[in-house]
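Each chain, letter by letter, is given below.
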Amino acid sequence: RRRRAPAHTMQQTLLRRLLRPAAAAATAATLGCYGCAHAMRIEEDAKLDFKDVLLRPKRSTLVSRSQVDLSRTFKFRHSQRTWTGVPLIVANMDTVGTFEMATTLAKHQAMVAVHKHYTADEWKAFVAAHPDVVPYVAVSAGTSAKDLQKLDDIIVGCPAVATICLDVANGYSEGFVTTVKLVRERYPRHTIIAGNVVTNEMTEELIMHGADIVKVGIGPGSVCTTRKQTGVGYPQLSAIMECADAAHGLGGHIISDGGITCPGDAAKAFGAGADFIMCGGMFAGTAEAAGALVERNGKQYKQFYGMSSSTAMTKHAGGVANYRSSEGKTVEVPYKGPVDAVLLDLFGGIRSACTYIGAATVKEMSKRTTFIRVTQQLNQVFGSHDLAKPGG
Ligand code: 5GP
């Protein structure tokens, strides 16, 4: 009596018969093992970072960069709220996402995602003292019950605060989607930012479950070590292009979060389709950033660290839990003085980029953008320091 071949051998035989040998091997590799649903795959098309491209200059009718309008007006998909301002958000890190930062940024109509470690009472006192700043702040929370309770206390205590930033390192968990959905149900008229993700399908998922704005970026941050610790990430320029396309198709918006090292990167992020940019490191070392000045060899510095660094975990969670590793680093940044100088440098760079590509507004930038692939960005013969810039 002939024995029936086991299912996987039958599949192998079929594959061999149906396909040429090379194609059969490739299909088998895609399937991982013959017939298994799990698969190791390689996406062959190159994904790009800010450093891989430059903006191609184009003819334009703009005479001066002072003609460029940096502000945008958005209407958000779920909250149905309208917001007008410069689409820059300082990151919800406890070093830079401070009330002091928000007070200065509001004067420039730019936002701060205020870090989640202020108490509800501190929020109430701040909002009472600075009602003009309120349109330019977001209140941040993670997904823990404690965070969500505090979020509720802040929103009940400060009804004028209209934007919520739901932030987790890994926006791919089902639990996060559930949190976004619950927060949307509880606050139907608040603008909800949710992240972080880096791919189109998860951008869509978050928007469909209640996010107005999706925060995009895994691993590009200046004090982030996720890529080193885990091998996970996505080149930021490609992440912006793919997620912006997905979000805009659904009437949603995106923030490019992390990896903006200079005004040119900000211009590229807008060119790639980002509605907002979020920056941390660029605002570190300023007077408005938290932390004491330390002096070393006659120079002043401020400490800056990732929110998953051991410094942050020791400060807020009593240490690094033994099942995880730190995914952020701690650095000292030369003191830059008041944040105004950083803002003017950033805004000046973006305005100038607009005149080079012929965009009269930030909104027009993506329509006027052609990226060129490059192998070289900057002439580094004198290094990256500039003695005439804040923090040198
Ligand atoms: P930056 O503008 O400094 O390049 O990036 C700021 C962003 O880095 C933040 O908005 C946040 O998304 C991310 N980030 C902040 N702290 C950490 C951290 O400890 N680990 C990781 N992986 N990312 C961080």
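Residues numbered from 1 in each chain as written. Predicted model: local features only at pLDDT ≥ 70, side-chain atom pairs only at ≥ 80, totals over all residues. Heavy atoms only, no water.

Draft legend 1. Structural view of the sheet that holds strand 14 (residues 330-334). Taken together, the three strands give an open sheet; going across it, the order is 12-13-14, and neighbouring strands pair in antiparallel fashion. Across the chains shown, the open sheet's two edge strands, defined by having one partner strand only, are strand 12 (293-296) and strand 14. Put simply, the sheet's adjacent strands are angled 45 degrees from each other on average, direction ignored. Both strand 13 (residues 299-305) and strand 14 contribute to a ladder of five bridges, which runs antiparallel. Following the sheet pairing, Phe304 is matched in strand 14 by Val331. (Pairing = 2+ DSSP bridges. Helix = DSSP H or I, 4+ residues; strand = E, 2+ residues; numbered from the N terminus. Axes fitted to C-alpha atoms, helices over the stretch in contact; angles between N-to-C directions.)

Draft legend 2. Representation of the site of the ligand within the structure. Near the ligand you find 20 residues, and of these Ser222, Thr226, Asp257, Gly280 and Ser308 are the closest. Gly280 is positioned with one of its backbone polar atoms (N or O) 2.7 Å from an oxygen atom of the ligand. Contact between the ligand and Gly281: an oxygen atom at 2.7 Å from a main-chain N or O atom of the residue. In the complex, 90% of the free accessible area of the ligand, which totals 520 Å², lies under the protein chains. In the shell around the ligand, the residues fall into six nonpolar, 12 polar and two charged. (Near = heavy atom within 4 Å. Polar contact = N/O pair within 3.5 Å; in protein donor to acceptor, adjacent residues only side chain to side chain. Areas by Shrake-Rupley, 256 points an atom, 1.4 Å probe, with all protein chains shown as cover. Nonpolar A, V, L, I, M, F, W, Y, C, P; charged D, E, K, R; others polar.)

Draft legend 3. Up close: the confidence of the model for the chain. Of all residues in the chain, 91% attain a pLDDT of 70 or more, and the chain-wide mean is 91. Below pLDDT 50 for its whole length, residues 17-35 participates in 19 contacts with residues either more than four positions away or in separate chains. (pLDDT = per-residue confidence, 0-100. Contact = heavy atoms within 4.5 Å.)

Draft legend 4. Structural detail: the sheet that holds strand 4 (residues 88-90). Strand order around the closed barrel formed by eight strands is 4-5-6-7-8-9-10-11, with parallel pairing between neighbours. Taken pair by pair, the neighbouring strands of this sheet meet at an average axis angle of 25 degrees, ignoring direction. Judged from the three bridges that link them, strand 10 (residues 253-257) and strand 11 (residues 276-279) form a sheet pairing that is parallel. When the sheet's bridge partners are listed, Ile255 is paired in strand 11 with Phe276.

Draft legend 5. Region of interest: the pairing of strand 2 (residues 72-75). Where burial is concerned, the two faces of strand 2 differ: the one with Arg72 and Phe74 is buried and the one with Thr73 and Lys75 is not. Counting the residues between successive antiparallel strands, the hairpin from strand 2 to strand 3 (residues 82-85) contains six residues, one of them, Gln80, with a positive phi of roughly 60 degrees. (Buried < 20%, exposed > 50% of the residue type's maximum accessible area, 1.4 Å probe, protein only.)

Draft legend 6. Summary view of the environment of Lys299. Assignment of secondary structure puts Lys299 in strand 13. Given the relative accessible area of 42%, Lys299 is considered partly exposed. Counting along the chain gives 92 residues from Lys299 to Gly391, while the straight-line C-alpha distance between them is 9.8 Å.

Draft legend 7. Spatial organisation of the packing of aromatic side chains. Applying the stated criterion across every chain yields a total of eight aromatic pairs. Aromatic side chains Phe74 and Trp83 sit 6.4 Å apart centroid to centroid with 15 degrees between the ring planes, which places their arrangement in the stacked category. Each member of the pair, Phe74 as well as Trp83, is classed as buried. Judged by centre distance (3.9 Å) and plane angle (20 degrees), the ring pair of Phe99 and Tyr118 falls under stacked. Linking Phe99 in helix 3 (residues 99-107) with Tyr118 in the loop between strand 5 (111-114) and helix 4 (120-129), this pair joins segments that are 19 residues apart in sequence. A single burial state applies to Phe99 and to Tyr118, both of which are buried. (Phe/Tyr/Trp six-rings, centres within 6.5 Å; stacked < 30°, edge-to-face > 60°.)

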